[in-house]
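So you can see what is in the structure, the chains are spelled out below.
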Amino acid sequence: MIKKKLLSLAMAGTIGLTTLASPTLLAKAAPSTVSEFDSLISDLTSEQNEASNKLAKLQKEIKENEAEAEKLIAEMEETKELLQNLQNEIEDLNLVIELREEHLEEQARALQIMGESGNIVNFVVNADSLNDVVGRIDVVSTLLSSNKQTLAQQEEDKAQVEEKKNETIKKQEEQNKIAGKLEANKNALAERQAEQESLLASIASEKAEAKEERNTLVAQAEAAEQRRQELESARTVAASSSSDEVTTSSSSASSTASADSSSSKAKAETSAEPKAPAANSGSVVSIAHSLTGTPYSYSGTTPAAFDCSGFTSYVFKQAGRSLPRTAAGQYSATTRISQSQAKPGDLIFFSQGGGIDHVGIYLGGGSFIGSQTSTGVAVSTINSGYWSNYVAGFGR
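None of these values were measured; they are calculated from a predicted model.

K.L.:
For this particular structure, what's the right way to read the overall build of the chain?
P.N.:
Helices and strands together make up the secondary structure of the chain, namely 9 helices and 8 strands. Across the 396 residues that make up the chain, the buried fraction comes to 32%. Sequence separation of 24 or more characterises 64% of the internal contacts of the chain that already satisfy a separation of 6 or more. For the chain, the accessible surface area stands at approximately 23600 Å², while carbon and sulfur atoms represent 53% of it.

Laid out in structure tokens, this is it:
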């Protein structure tokens, strides 16, 4: 773009507007000879190659980010399996605890030792013989020891399950943060890729224009040489023709500048995005709920699996409004509102690591629905728990 502006300024200088150009700009005037065009095309080719290499590196980074995401998905599946195993262990433990309680109650009723230690003494004293005393003492000792071990085992099992439960919750929270980081990386890489692709397209366009102008210049030079040969025998006519050529060149340069201006205006009008129609909030909420239970998948954008921004963009598209693909893009494309202004169907944004890295659909009352790493599409709350610590704002 800068070079195009310099070219336009240089062309203006050739038709009597040199007073508008600074010495710096004049030093970078548009090429006027074939060799200068060749030099410009060579420079543009180098810039094009450099931009292509940077774009290739970016695409490699994107693939690495996606590979990291796949690794995270595998970890999430392991966590889900761990949760299921934990639930099975809890159910088995509850059954064992219930059986142990029944066993303890039966023993307590048999020896009447529910806090009455005197009954134990009577049980031993009423023995018929010394051997019977020893036997009864052994029975009481065994029962008491068994009861104590049973109670200790129950407490140990409960503590172990609680520890596993806490570890699993912690793992889920870590995965949410990692998913947020991947979302933020995806946003940044997508922006950089778009910028690099735009730069590459601009260089390619400028290079094509330079080649076309070079070919035009060569054709003009050949035509001028032919005219010179034809007019060599009539110098007076040649002088008159030369004057006409100057006028024609000025008109051509003016037309080219006008065409460039019209082209730039058309491009600007084309690049302006039309304002998206508003989505029906009731429809948004209804569609969102209909997708409950859809599993989470990084970069997922269909009902087969969603990531956070893939879910919201899909729901809003079904409701008649287009949203950008990423959470950060959706944040930029919406108007900021306060929580008190937020209504069901508005967007709620989160920041777990410094940028906008998670998004959901607000349901009102402190609840929202979104695609989370551990649950897939589900309703969560911001009044307490994990997400209450990372709310970044609301958008409409």
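More follows now that the structure is in view.
K.L.:
Sorry if this is basic, but what is going on with the packing of aromatic side chains here?
P.N.:
The way to describe two aromatic rings as a pair is by their centre distance and the angle between their planes. A full pass over the atoms with the stated rule returns 9 aromatic pairs. Considering the side-chain rings of Y362 and F394, the 5.2 Å spacing of their centres and the 80° angle between planes classify their relative orientation as edge-to-face. Of this pair, Y362 sits in strand β5 (residues 358–364) while F394 sits in strand β8 (residues 391–395), placing them 32 residues apart in sequence. Measuring from centroid to centroid gives 4.9 Å for Y386 and W387, while their planes differ by 80°, and the two rings are edge-to-face. Across the pair, exposure class does not vary: Y386 and W387 are buried alike. By the ring-pair criterion, three or more aromatic residues cluster together here, those being F350, F368, Y386, W387 and Y390. A cation sits over an aromatic face here: R336 above Y331, 3.9 Å from the ring centre.

K.L.:
What am I meant to see in the environment of E162 here?
P.N.:
Along the chain, E162 turns up in helix α5 (residues 130–231). The class of E162 is partly exposed, set by a relative accessible area of 43%. For the pair E162 and I90, spaced 72 residues apart in sequence, the C-alpha separation works out to 9.5 Å.

K.L.:
What's the story with the confidence of the model for the chain in this structure? I'm lost.
P.N.:
For residues with low pLDDT, the predicted coordinates do not support detailed interpretation. Confidence along the chain averages 75 in pLDDT terms, with 69% of residues attaining 70 or more. Throughout residues 1–27 the model reports pLDDT below 50, and contacts reaching past four residues in sequence, or to other chains, amount to 25 contacts. Across residues 237–259, confidence stays below pLDDT 50; counting only partners more than four residues off in sequence or on other chains, it has 8 contacts.

K.L.:
What should I look at first to understand the sheet that holds strand β4 (residues 347–350) in this one?
P.N.:
The strands that make up a sheet pair up through hydrogen bonds in the backbone, lying either parallel or antiparallel. An order of β3-β8-β4-β5-β6-β7 is seen for the 6 strands of this open sheet, with the pairing classed as antiparallel. Only two strands of the sheet have a single partner each, and these edge strands are β3 (336–337) and β7 (376–381). Relative to β7, strand β6 (residues 367–372) runs antiparallel, the two being bridged by 6 bridges. Bridge pairing in β7 links G370 to A378. Helix α7 (residues 281–290) contacts β5, β6 and β7 of the sheet and is inclined by roughly 115° relative to β5. Sitting on the sheet, helix α8 (residues 308–318) is in contact with β4, β5, β6 and β7, with an inclination near 50° to β5.

K.L.:
Which parts of the structure should I look at to understand the pairing of β8?
P.N.:
On any regular strand, side chains alternate: one points to one face of the sheet, the next to the other face. Here β3 runs beside β8; their pairing, made up of 2 bridges, is antiparallel. Within β8, the residue paired with R336 across the bridge is G395. The sheet contact formed by β4 and β8 spans 4 bridges and is antiparallel. By the bridge assignment, I348 is partnered in β8 with F394.

K.L.:
I keep staring at α8 and nothing clicks. Help me out?
P.N.:
Each α-helix turn comprises 3.6 residues. Residues three or four places apart therefore point the same way. When you tally the buried positions in α8, you get 8 out of 11 residues, the bulk of the element. Within α8, burial applies to C308, S309, G310, F311, T312, S313, V315 and F316. G320 occupies a position one or two residues after α8 and carries a positive phi of about 100°.

K.L.:
In this structure, what is going on with the environment of S384? I would like to understand it.
P.N.:
Tracing the backbone shows S384 in the loop between β7 and β8. Between the C-alpha atom of S384 and that of G366, which follows or precedes it by 18 residues, the distance is 9.1 Å.

K.L.:
Looking at this model, I keep getting lost on unusual backbone geometry. Mind explaining?
P.N.:
Phi is mostly negative for residues that are not glycine, and the peptide bonds are mostly trans. In the Ramachandran plot, S299 falls in the positive-phi region, its phi being about 75° despite a non-glycine side chain. Within the fold, S299 resides in the loop between α7 and β1 (301–302).

K.L.:
It is not clear to me how the pattern of salt bridges should be interpreted in this structure. Could you clarify?
P.N.:
Two side chains with opposite charge may pair up if their charged atoms get near one another. Inspection of the entire model under this criterion finds 5 salt bridges. Taking the shortest distance from any N to any O, the salt bridge between R325 and D307 comes out at 2.9 Å. One end of the pair, R325, is in the loop between α8 and α9 (327–333); the other, D307, is in the loop between β2 (305–306) and α8, with 18 residues separating them in the sequence. R325 gets classed as partly exposed once you look at its relative accessible area, which sits at 30%.

K.L.:
Help me out: how do you make sense of the nonpolar core in this one?
P.N.:
Nonpolar side chains tend toward joint burial in soluble globular proteins. Core analysis: the biggest nonpolar cluster contains 21 residues, and F311, V315, L347, I361 and I369 have the highest contact counts within it. Those elements giving two or more residues to this core turn out to be α7, α8, β4 and β5. Apart from the residues within four sequence positions on either side, F311 is in contact with A288, L291, F306, I361, I369, G370, S371 and V377.

Thresholds, definitions, all that
- Residues numbered from 1 in each chain as written.
- Predicted model: local features only at pLDDT ≥ 70, side-chain atom pairs only at ≥ 80, totals over all residues.
- Heavy atoms only, no water.
- Helix = DSSP H or I, 4+ residues; strand = E, 2+ residues; numbered from the N terminus.
- Buried < 20%, exposed > 50% of the residue type's maximum accessible area, 1.4 Å probe, protein only.
- Contact = heavy atoms within 4.5 Å.
- Areas by Shrake-Rupley, 256 points an atom, 1.4 Å probe, with all protein chains shown as cover.
- Phe/Tyr/Trp six-rings, centres within 6.5 Å; stacked < 30°, edge-to-face > 60°.
- Lys NZ or Arg CZ within 6 Å of the ring centre and 35° of its normal.
- pLDDT = per-residue confidence, 0-100.
- Pairing = 2+ DSSP bridges.
- Axes fitted to C-alpha atoms, helices over the stretch in contact; angles between N-to-C directions.
- Salt bridge = Lys/Arg side-chain N within 4 Å of Asp/Glu carboxyl O.
- Core = buried A, V, L, I, M, F, W, Y, C linked by side-chain atoms within 4.5 Å.

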